[in-house]
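# A look at the structure
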Amino acid sequence: MKLDRRTFLTASLGLAAGASTTALPNRPKYHVARRQPRSRVAILGAESYSHKLESILQYGLGLFHLDVRGKTVLLKPNLVDYISGNHINTHPLLVCAAVECFRRLGAKNVLVGEGPGHQRDTELVLLESGFSEALRQVSVPFVDLNRDELAITPLLAGYTGMKCLWLPRTVLEADFVVSMPKVKTHHWSGVTLSMKNMFGVVPGAKYGWPKNILHWKGIQESILDLCATVPIHFVIADAIVAMEGNGPLNGHPRPLNRIVLSDDPVAADATCMRLMGLGPARITHIRIGAQFLGNASTERIDQLADVVCAPANPFEVVPEFQHLRVTGSAQRDS
Amino acid sequence: MTIWWFCPRTQRVHDTQELNCACVQELIDRQLPEGGWPFTTVTTQWAVGPTALALLALPSNSVRERDAAIRFLLRTQNANGSWPAFSGDDEAGSGLTGLALYALNRCCVQGMVTDRAIQWLIESRGWESHWLWKWKFRTSDHHVRFDPDKFGWPWIPETVSWVVPTAYSILALKYARGIPQQGPVQFRIRHGVEMLHDRICPGGGWNAGNGVVYGFPLSPHADVTALALLSLLNEPPNHFITSSLDWLERRADTCFAPWSLAWTILALDAFGRPTELVVDRLASVVDPAEVKDCATLAVVSLAFARAPGDNAFRVADET
């Protein structure tokens, strides 16, 4: 067969285009690798929300030998709204306990910051949820991340297709970010744990209430891009009274009587899911996050305190997420 | 950085005129040299939200400050007629465009700038109005109860409509000066009003825009409810308005947050409902120097200023 120059060029271009198309899905979409060889998790027992939390937390943090001396520590609780009787938010007593513990560890500054995604009146949520009074008692400043000074920030992963996001300076300038989620099921994302909690750093002043762009670009994808860009240095998850069913606002309380600590958000979230009786590998942001943000496999996680004990009845979820619920041997394999 | 130090609040009820003067003075002190306002004093990054609200709150005798604010808004308009949300924001346009235009309307500004803004508002719409997404919401995505035929305005382009930007846009279009209240303007106002009716929470009131999710009714929010009501001010009385006013009155009984209380006062006052107790509550929880957020300070000032019949949102009779 005679191969002229035109045919050769056309064929070459076609081949190159085909190769690039097939290679795209396999190409990593992240520009940062935070996964350590091993991760540490501590599951601590806590019967109720009381002033005993400080000593429990101090013991737990001691297991990690954290060095936060001279650092600015930002605590990022999950504050969504206030509905009387519903366990929606990270409990203020747990946040105050964390404030005192990080101060004791030598942090230069400890701040609490959040940008609620649903309720525009952040002060109302703080007042009605008891946060105002609790934070006043420990004299800690609160930063409304919805109305903070903003800086344009290139994203370090490309799952949403967005190149950058406006993010609050307080978050960008913090030396040590602690995600403090309330352990809950979520009707859009399956679960809301330490990684999903980072939606709260996306400012309403730019993206509105709710931060609808994150939904349009894909919730799982947005979680990955955000967590690649804003590193979570530590996790303190409130699973003392968790939420199941139609979370994040209207689920039912489900006591787990646990606090989960970790130096790895993927390990923390995978462990929380196991405590909920849900399979972490079945959630996209945890499965893909385990490639570059942390460890989800039990073989790569050192449990420093209690062992993971899955409940006999997995957490209730909305119909779309029934596939998350696992039992028996499937629980161990997930 | 927005930092609130939580100080014990005074419970003494101050004179509201005195408090309003203090609010206005704080606003004047916090105005940036270029004429806009930031959210808080610890930054110089201006934002359109606090700027437009502060412009509405400044009394007519603050001539220099008002002029600077007006010139600032005229200068910061995007080429397409919209406004950015803050300094450095992209030029695609924000859901605060309606608020900026409304503030300029109230200052009798009229001309190319307002014409361009009106045109942008006419063309900007939530993505649920697009046939493809409408089809998706009709056929496969029923988790949120809403009718995609009834659309309003989004917070940012390429997202769906939400209550706050829709209410701001309705206010701006309804009270725009020198434009015929028919044709495309009327079309968008009617669709916006229908969208608000569609997104109402069961029992009255509005939140961000999801009244029912997964068959479960969500709670309304006071500030959003007040703003939606203000945009419906000259609509014929109906059960949406009445039930929302009733809900807002009940909610005010247990509310102590200045932003929500101030919006509540403005809406109840505009509809002729009693506000004395809510004003007293606001006066008891506010110390203007301690309100670090300029947008909140401006709305509080508007709420106190409404006492002599000067409600910045009660403009139905003027058109």
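Residues numbered from 1 in each chain as written. Chains lettered and ligands numbered in written order. Predicted model: local features only at pLDDT ≥ 70, side-chain atom pairs only at ≥ 80, totals over all residues.

## Describing the overall build of chain A
Looking only at helices and strands, one finds twelve helices and twelve strands in chain A. Buried residues in chain A amount to 56% of all 334 residues. In chain A, the proportion of contacts linking residues at least 24 apart, taken out of those at least 6 apart, comes to 77%. (Helix = DSSP H or I, 4+ residues; strand = E, 2+ residues; numbered from the N terminus. Buried ≥ 20, exposed ≤ 12 C-beta atoms within 10 Å, placed from the backbone. Contact = placed C-beta atoms within 7 Å.)

## Let's talk about the overall build of chain B
The secondary structure content of chain B amounts to 13 helices and five strands. Whereas a compact globule of 319 residues would reach a radius of gyration of roughly 20 Å, chain B reaches 19 Å, a difference of no more than 12%. For chain B, the spread of C-alpha atoms along the principal axes amounts to about 55 × 45 × 40 Å. A burial count over chain B gives 54% of its 319 residues as buried. (Rg over C-alpha atoms; globule rule 2.2 N^0.38 Å.)

## Things to note about the packing of helix H9 (residues 222-231) of chain B against helix H10 (residues 239-252) of chain B
Packed helices, taken two at a time, are described by the angle between their axes plus the distance between the axes. All names here are of chain B. Put simply, H9 and H10 touch, their axes get as near as 10 Å, and they point 145° apart. Read as a crossing pair, H9 and H10 show a hand that is left-handed. Contact with H9, carried on its side by Ala222, Thr225, Ala226 and Leu229, involves Ile241, Ser244, Leu245, Trp247, Leu248 and Arg251 of H10 and no other residues of that element. Here the contact of H9 with H10 is built from residues that sort into seven nonpolar, two polar and one charged. (Axes fitted to C-alpha atoms, helices over the stretch in contact; angles between N-to-C directions. Left-handed = near helix turned anticlockwise from the far one by under 90°. Nonpolar A, V, L, I, M, F, W, Y, C, P; charged D, E, K, R; others polar.)

## Here we look at the pairing of strand S10 (residues 234-244) of chain A
Residue and element names in this part refer to chain A. Taking burial as the measure, the eleven residues of S10 include ten buried ones, the bulk of the element. Direction of pairing for strand S7 (residues 176-180) relative to S10: parallel, over a ladder of two bridges. Within S10, the residue paired with Val178 across the bridge is Phe234. Bridge count for strand S8 (residues 182-186) against S10 is two bridges, and the pairing is parallel. Counterpart to Lys182 in the pairing with S10 is Asp238. (Pairing = 2+ DSSP bridges.)

## Considerations on helix H10 (residues 265-276) of chain A
All names here are of chain A. In a regular helix each residue adds 1.5 Å, so twelve residues correspond to 16 Å; H10 covers 16 Å between its end C-alpha atoms and thus fits that length. Across the twelve residues that make up H10, a large majority, twelve, are buried. Listed as buried for H10 are Pro265, Val266, Ala267, Ala268, Asp269, Ala270, Thr271, Cys272, Met273, Arg274, Leu275 and Met276. (Expected span 1.5 Å × (residues − 1).)

## Examining the environment of Pro274 of chain B
Residue and element names in this part refer to chain B. Here Pro274 shows up in the loop between helix H11 (258-270) and helix H12 (276-285). Residue Pro274 is classed as exposed on the basis of its C-beta count, with 10 C-beta atoms lying within 10 Å. Between the C-alpha atom of Pro274 and that of Glu249, which follows or precedes it by 25 residues, the distance is 9.1 Å.

## Notes on the interface of chain B and chain A
In this complex, chain B contributes 39 residues to the contact, which on the side of chain A involves 36 residues. Taken together, the elements giving at least two residues each to the side of chain B that touches chain A come down to strand S1 (3-4), H9 and H11 of chain B. When residues in the side of chain B that touches chain A are grouped by element, the largest group, three residues, is from H11 of chain B. Looking at the side of chain B that touches chain A residue by residue, the class counts come to 24 nonpolar, eleven polar and four charged.

## What to know about the packing of helix H7 (residues 163-174) of chain B against H9 of chain B
Residues and elements named next belong to chain B. Taken N-terminus to C-terminus, the directions of H7 and H9 make an angle of 25°; their axes are 8 Å apart at the nearest point. Here H7 lies roughly parallel to H9, going by the angle between them. The handedness of the crossing between H7 and H9 is left-handed. Seen from H7, the contacting residues are Val163, Val164, Ala167, Ile170 and Leu171; seen from H9, they are Val224, Leu227, Ala228, Leu230 and Ser231. (Parallel < 35°, antiparallel > 145°, perpendicular 65-115°, else oblique.)

## Remarks on the confidence of the model for chain A
Averaged over all residues, the pLDDT of chain A is 92; the fraction at 70 or higher stands at 90%. Confidence drops under a pLDDT of 50 for residues 17-25 of chain A, and excluding neighbours within four residues, the segment shows zero contacts in the predicted structure. (pLDDT = per-residue confidence, 0-100.)

## Quick look at the environment of Ile56 of chain A
Secondary-structure assignment places Ile56 of chain A in helix H2 (residues 53-62). Ignoring anything within four residues of it in the chain, the contact list for Ile56 of chain A reads Leu44, Ala46 and Ile259 of chain A.

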